[in-house]
Amino acid sequence: MNNFKNLRGTVDLLPDQLIKWQNVEKIILEQLFRASIKEIRTPILEMTELFTRGIGEGTDVVSKEMYTFLDRGERSCTLRPEGTASVARALIQNGILNKPPQKLWYMGPMFRYERPQAGRQRQFHQLGVEFVGFESLRSDVEIITLAWDILEKLGIKELNLEINTLGDNTDRSNFQKAFLEWLKVNTNSLDLDSQKRIDKNPLRILDTKNVQTKKLLENAPRLFDFLSEKSLKRYLNIKEQLKILKIPYVENFNLVRGLDYYTHTAFEITSGSLGSQATVCGGGRYDNLINQMGGTETPAIGFAIGLERLILLAGKEVEENRATDIYIVNKGLQAETLAMDLSRKLRNYDLIAELDLSGASFSKQFKKANKLKSKSIIVIGDDEAIKNEFIIRLFNNNNSENKEETISLDDHIKLGNWLDENLLLKRSSINK
RNA sequence: GCGGGCGUCGCCAAGUGGUUAAGGCAGUGGCUUGUGGCGCCGCUAUUCGGGGGUUCGAAUCCCCUCGCUCGCCCCA
């Protein structure tokens, strides 16, 4: 019992679970590929300041959830808690902002030091998409649509899309002024958490879960009323387009999102079947971030999907495993060598060909093939080795005698025909 | 950081103070050393998350501790 254990909040993904992961990833990557979005990979480790300045000191992520440590050179390093800041940094640093606008995606582990619970880990995985250099409201619409379509392609039902707008800088500071005044008057009626936020991050008070504060907020000034004509029009247009595209959404004026850098569009996709951590996708526009981080002013919008939550939601259809096509039963010195050689040839056919390495009795090897639900088997023993041939047989689970065929080891044409006829032309679509 | 629940084999579990810690699944060996299912027969926890205490006696009672889990805060 003194064995090593993984750290709290981290998990091992085992072969059986990874079938689902891989299927999900495959569907996602196809969708991204078709939308002509390119991958970017950035380090998992960054200097701490990237996040404190990029994400914002007042946010929960930065103030209490970061995995931060000093390296051997006494530099403060942080395991990335999200992907956007790193991508922005990489674009600035590599001079990519001078190039045409970029549509990018990334996928990988993120780290947040929190108490784990259902749908929440300390090391978790995100798929992120960032459109950098795009200002048009149609880029907002495409980002939202893309997120929606990915979830739909995975067969996930019962999703709720919530949207809101935060306006531009001017809108926001106008609102903030009025809001702060109102907050000062009402400080004593607010819950404790909200009181603490007045100085740090007043906007976050808007999405408090405290029931009393919520009620109180109904009489507070609304950000929506402070939108400039331009911002308002932008927002209305986005809603209009979503309607045309038949993407169902709900407006949520209190949707603010946790990170500082958002402007204009903010959105979130949730599912009731996830438990209390219901958000599977969150995103929005961040026109200020890149400038704030030292790059030329560049509008951008993006989203992130939590892969663990996605996996929880994805249905049975992505759990399907591809069974072994051919299990090669072999025994005897010469036979084993021939079998090894044959297995390599078979793999040129895009088949799953598994060579039995046990050297156990034929009976055992057959049982193994049966257990694996192998679609067919090949047998090479001493008898076959002498004649330079092998036996191949379809292998139904119900143990009815299946006809078998003997093929010479050199007869590639006969083998190819057999495989075509019995295995290759019967593929289901998901496992191609 | 704060609450609730839970910790008996790889997994699911019975056992709630008397001593050989059920059972099922999985694994493995055999019946059957050149042929699959089913079946049958073996094997697989000196030990109940860890430590201390109470007792003649503890998986069972008490204390501490660790871990897991769900929730709060917040987010993916």
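Source: prediction; values computed, not measured.

Criteria and thresholds
- Residues numbered from 1 in each chain as written.
- Chains lettered and ligands numbered in written order.
- Predicted model: local features only at pLDDT ≥ 70, side-chain atom pairs only at ≥ 80, totals over all residues.
- Heavy atoms only, no water.
- Pairing = 2+ DSSP bridges.
- Helix = DSSP H or I, 4+ residues; strand = E, 2+ residues; numbered from the N terminus.
- Axes fitted to C-alpha atoms, helices over the stretch in contact; angles between N-to-C directions.
- Contact = heavy atoms within 4.5 Å.
- Phe/Tyr/Trp six-rings, centres within 6.5 Å; stacked < 30°, edge-to-face > 60°.
- Lys NZ or Arg CZ within 6 Å of the ring centre and 35° of its normal.
- Buried < 20%, exposed > 50% of the residue type's maximum accessible area, 1.4 Å probe, protein only.
- Near = heavy atom within 4 Å.
- Polar contact = N/O pair within 3.5 Å; in protein donor to acceptor, adjacent residues only side chain to side chain.
- Nonpolar A, V, L, I, M, F, W, Y, C, P; charged D, E, K, R; others polar.
- Domains from an automatic or database assignment.

Q: Which residues make up the sheet that holds strand E12 (residues 326-330), and what values go with them?
A: Judged by pairing direction, the sheet is mixed, and its five strands sit side by side in the order E13-E12-E14-E15-E16 without closing on themselves. Each edge of the open sheet is held by one strand with a lone partner, namely strand E13 (353-355) and strand E16 (404-408). In this sheet, adjacent strand axes meet at a mean angle of 25° when their direction is disregarded. Sheet topology note: the E12/strand E14 (residues 376-380) ladder contains five bridges and is parallel. Note on E14: the bridge partner recorded for tyrosine 327 is isoleucine 377. The sheet contacts of helix H12 (residues 333-347) involve E12, E13, E14 and strand E15 (389-394), and relative to E13 the element is tilted by about 160°. Lying on the sheet, helix H13 (residues 362-371) is in contact with E12, E14 and E15; it crosses E12 at an angle near 170°.

Q: Give a detailed account of the packing of aromatic side chains, specifying residues and quantitative values.
A: Per the stated rule, a full pass over the model turns up eleven aromatic pairs. Measuring from centroid to centroid gives 5.1 Å for phenylalanine 175 and phenylalanine 179, while their planes differ by 15°, and the two rings are stacked. Highlighted residues: phenylalanine 175 and phenylalanine 179, both in helix H6 (residues 169-186), separated by four residues, approximately one helical turn. Within the aromatic cluster, the residues linked to one another by ring pairs are Phe175, Phe179, Trp182 and Phe226. Lying over the aromatic face of tyrosine 113, arginine 122 brings its terminal NZ or CZ to 3.8 Å of the ring centre.

Q: Go over helix H4 (residues 84-93) with me, naming the residues and quoting the values.
A: An α-helix turns once every 3.6 residues. As a result, residues three or four positions apart point the same way. With respect to burial, H4 is a largely interior element, seven of its ten residues being buried. Those residues of H4 lying buried are Thr84, Ala85, Ser86, Val87, Ala88, Ala90 and Leu91. Tucked inside the fold, the buried residues of H4 contact strand E2 (45-47), helix H2 (48-55), strand E5 (102-111), strand E6 (123-132) and helix H10 (289-292). Immediately beyond the C-terminal end of H4, within one or two residues, lies glycine 95, with a positive phi of roughly 65°.

Q: For the sheet that holds strand E4 (residues 76-79), give the residues involved together with the corresponding values.
A: The strand order E2-E4-E3 describes an open sheet built from three strands, whose pairing is antiparallel. Of all the strands in the sheet, the pair left with one neighbour each is E2 and strand E3 (67-70). Direction aside, the axes of adjacent strands within the sheet are offset by 35° on average. Here E2 runs beside E4; their pairing, made up of three bridges, is antiparallel. Paired with glutamate 46 across the strands is threonine 78, a residue of E4.

Q: So what about the protein's contact with RNA strand B? Which residues, and what values?
A: The full set close to RNA strand B counts 50 residues, and Arg112, Arg120, Arg204, Gly258 and Asn396 are the nearest of them. Measuring from a phosphate oxygen of RNA strand B, one finds a side-chain N or O atom of arginine 204 at 2.2 Å. Here a sugar or linking oxygen of RNA strand B and a backbone polar atom of valine 280 are 3.1 Å apart. Elements that contribute at least two residues to the surface near RNA strand B include exactly helix H3 (60-64), E6, strand E10 (279-285), strand E11 (300-306), H13, helix H14 (382-387) and E15. For the surface near RNA strand B, the residue count by class is eleven nonpolar, 17 polar and 22 charged.

Q: Tell me about the domain arrangement of chain A, and name the residues and values.
A: Domain boundaries assigned for chain A yield domain 1 (15-168 + 228-317) and domain 2 (326-431). The C-alpha centroid of domain 2 is placed 47 Å from the C-alpha centroid of domain 1.

Q: Can you lay out the pairing of E3 for me, pointing to particular residues and giving the numbers?
A: As paired strands, E3 and E4 are joined by four bridges and run antiparallel to one another. Note on E4: the bridge partner recorded for tyrosine 67 is leucine 79.

Q: Explain the environment of arginine 80 to me, using residue names and the numbers behind them.
A: On the secondary structure map, arginine 80 appears in the loop between E4 and H4. With 46 residues separating them along the chain, arginine 80 and arginine 34 place their C-alpha atoms 28 Å apart. Residue contacts for arginine 80: discarding those within four places in its chain leaves Thr42, Pro43, Ile44, Phe51, Ser86, Gly108, Pro109, Met110 and Phe111. Separated by 2.8 Å, the side chain of arginine 80 and the backbone oxygen of proline 109 make a polar contact.

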